[in-house]
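Examination of the molecular architecture
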Amino acid sequence: MLIGEVSRHTGISARMLRHYEELGLVSPHARTSGGYRDYSEEDLRQLLQVEALRSLGLPLAHIAELLAEGVGGLPTMIDRLIAETRQRINRDRELLRRLQLVRKEQPEATAELLEVIDVLRQLRSGDPAVRHQAALGHLDPASARGSALTEALLREDNDDVAGALQWALERSGSTDLGLLHKALAAQNPRVRRRAANLLTGMAGADVDKLLETLVDDADDLIRSRAILALSRRGSKAMVPRLLGMIVEGLLDVEAAELLGELVPADEKVVGELEELLAAPGTTPGARLRLVQALAEIPGPRSGRLLAALIDDEDRVVAGTARYILGEHGNG
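Structural notes, computed from the coordinates. (Residues numbered from 1 in each chain as written. Predicted model: local features only at pLDDT ≥ 70, side-chain atom pairs only at ≥ 80, totals over all residues. Heavy atoms only, no water.)

1. What about the overall build of the chain?
Helix and strand content of the chain: 19 helices and 0 strands. For the chain, the residues scored as buried account for 38% of the 331 residues in total. Pairs at least 24 apart in sequence give 54% of the contacts found in the chain among residues at least 6 apart. When the accessible surface of the chain is split by element, carbon and sulfur atoms take 52% of a total near 18,600 Å². (Helix = DSSP H or I, 4+ residues; strand = E, 2+ residues; numbered from the N terminus. Buried < 20%, exposed > 50% of the residue type's maximum accessible area, 1.4 Å probe, protein only. Contact = heavy atoms within 4.5 Å. Areas by Shrake-Rupley, 256 points an atom, 1.4 Å probe, with all protein chains shown as cover.)

The structure is reproduced here in structure tokens:
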């Protein structure tokens, strides 16, 4: 079959057929008496095989390698292409992130644009010392690059560098709240904890709303930090959460201190403490922590509960109640 006929039947241009021949993909050896290429049945089968591989997105150079290795090399070739494609996608995503960060900073002058790019370059250095210095070098609110610093903190794996980045963000007040919001949905627990930890040092209604979404988080550290942060802001809605932290033993000392600050002396929280102390499922350790929490809630009702606990069957609980009463009496 002549090249024109092959082109009409397959839809492949004569120019592409010649290109295939130049690459050694399909090379008809037969010639007509006039010297024209004559495609055999075997040539046509190979041509269709080339087109099938091209439909997968394989580059012609890879197709040539595959044809040389035989059909048995196809799985290996596909695995290699999958790996290469993933690497390319990751590179493209990283480029997209960098471009978005640069655009977010809205540099207007050439010098300002170069400064933003230089900050990003330093924050992505493979040397922790360079990243650390980059963080400390942008404490001035006027020059701080909030989005770049926030993004760098969230992906930083060195605790010292992360501490410097957080300090820079807190001092400059330039944290990118949008990036933190996205980070809270990340699968990486380290990223989520970094975002939550940064939020606890920030103020504002939008920050409080984000913290409120974390008070039921499955991560103990994230949940407890959010509860403590909202309690420091005076949210009495956190009282039951603080009691839960005391029972669980999650930052219970801080939780007890904040509990005392949130409630008046004879608030109903003393009754809730009493119920938890008497609940069948409350462990000895949790009962002890609840009694210790009463030390932070002075007042008649708290004193009466402590007096009743002096005769508790748990000697540790009874001794702790007696000690707290003594301390209150001395005060």
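After that view, the rundown keeps rolling.
2. Some remarks on helix H1 (residues 3–10)
Residues Ile-3, Val-6 and Ser-7 constitute the buried set of H1. Looking down the long axis of H1, one finds its buried residues gathered within 100° of arc, a one-sided arrangement. Those residues of H1 that are exposed and aimed more than 90 degrees away from the buried face are Arg-8 and His-9. For H1, the elements touching its buried residues are helix H2 (14–23) and helix H3 (41–55). One or two positions beyond H1, positive phi appears at Gly-11, with a value near 80°. (Arc of directions from axis to C-beta.)

3. Some thoughts on the environment of His-328
Topologically, His-328 is positioned in helix H19 (residues 315–330). Taking relative accessible area as the criterion, His-328 reaches 32% and is therefore assigned partly exposed. Distance from His-328 to Pro-298, taken between C-alpha atoms, is 7.6 Å for residues 30 residues apart in sequence.

4. Observations regarding the packing of helix H12 (residues 205–212) against helix H13 (residues 220–232)
The interhelical angle for the contact between H12 and H13, taken along N-to-C directions, is 140°, at an axis separation of 9 Å. The angle between the axes of H12 and H13 places the two elements in the oblique class. In the packing of H12 onto H13, the handedness of the crossing is left-handed. The segment H12 lies against H13, with Asp-208, Leu-211 and Glu-212 engaging Ala-226, Ala-229 and Leu-230. Partitioned by chemical class, the residues of the contact of H12 with H13 number 4 nonpolar, no polar and 2 charged. (Axes fitted to C-alpha atoms, helices over the stretch in contact; angles between N-to-C directions. Parallel < 35°, antiparallel > 145°, perpendicular 65-115°, else oblique. Left-handed = near helix turned anticlockwise from the far one by under 90°. Nonpolar A, V, L, I, M, F, W, Y, C, P; charged D, E, K, R; others polar.)

5. Some points on the nonpolar core
Of all hydrophobic cores here, the largest spans 57 residues; its most connected members are Leu-199, Leu-242, Leu-259, Val-269, Val-291 and Leu-309. Element by element, the count of residues in this core is highest for H13, at 6 residues. Both domain 3 (139–233) and domain 4 (263–330) contribute no fewer than three residues apiece to this core. When sequence neighbours within four positions are dropped, the list of residues in contact with Leu-242 reads Ile-227, Leu-228, Ser-231, Ala-255, Leu-258, Leu-259 and Leu-262. (Core = buried A, V, L, I, M, F, W, Y, C linked by side-chain atoms within 4.5 Å. Domains from an automatic or database assignment.)

6. Some words on the pattern of salt bridges
Tallied over the full model, the rule gives 13 salt bridges. The shortest N-O distance in the salt bridge between Glu-42 and Arg-45 comes to 2.8 Å. Note that Glu-42 and Arg-45 are positioned in helix H3 at a spacing of 3 residues, about one turn of the helix. With its nearest N and O atoms 2.3 Å apart, the salt bridge here joins Asp-217 to Arg-192. Within this pair, whereas Asp-217 is found in the loop between H12 and H13, its partner Arg-192 is found in helix H11 (residues 189–200), the two being separated by 25 residues in sequence. Judged on exposure class, the residue Asp-217 and its partner Arg-192 are both buried. Through salt bridges that share partners, Glu-21, Arg-31 and Arg-37 make up one connected network. (Salt bridge = Lys/Arg side-chain N within 4 Å of Asp/Glu carboxyl O.)

7. Observations regarding a nonpolar patch on the surface
Taken together, Leu-56, Ile-78 and Ile-82 make up a surface patch of nonpolar side chains, about 250 Å² in accessible area. Here Ile-82 lies in helix H5 (residues 74–105). Owing to a relative accessible area of 37%, Ile-82 belongs among the partly exposed residues under this scheme. (Patch = residues over 30% accessible without salt bridge, like charges linked within 9 Å, V, L, I, M, F, W, Y side chains within 5 Å.)

8. What about the packing of helix H16 (residues 269–278) against helix H18 (residues 300–309)?
At a minimum axis separation of 9 Å, H16 and H18 run at an interaxial angle of 20°. When the axes of H16 and H18 are compared, the pair comes out roughly parallel. For the crossing formed where H16 meets H18, the hand is right-handed. Residues Val-270, Gly-271, Glu-274 and Leu-277 of H16 pack against Arg-301, Ser-302, Leu-305 and Leu-309 of H18.

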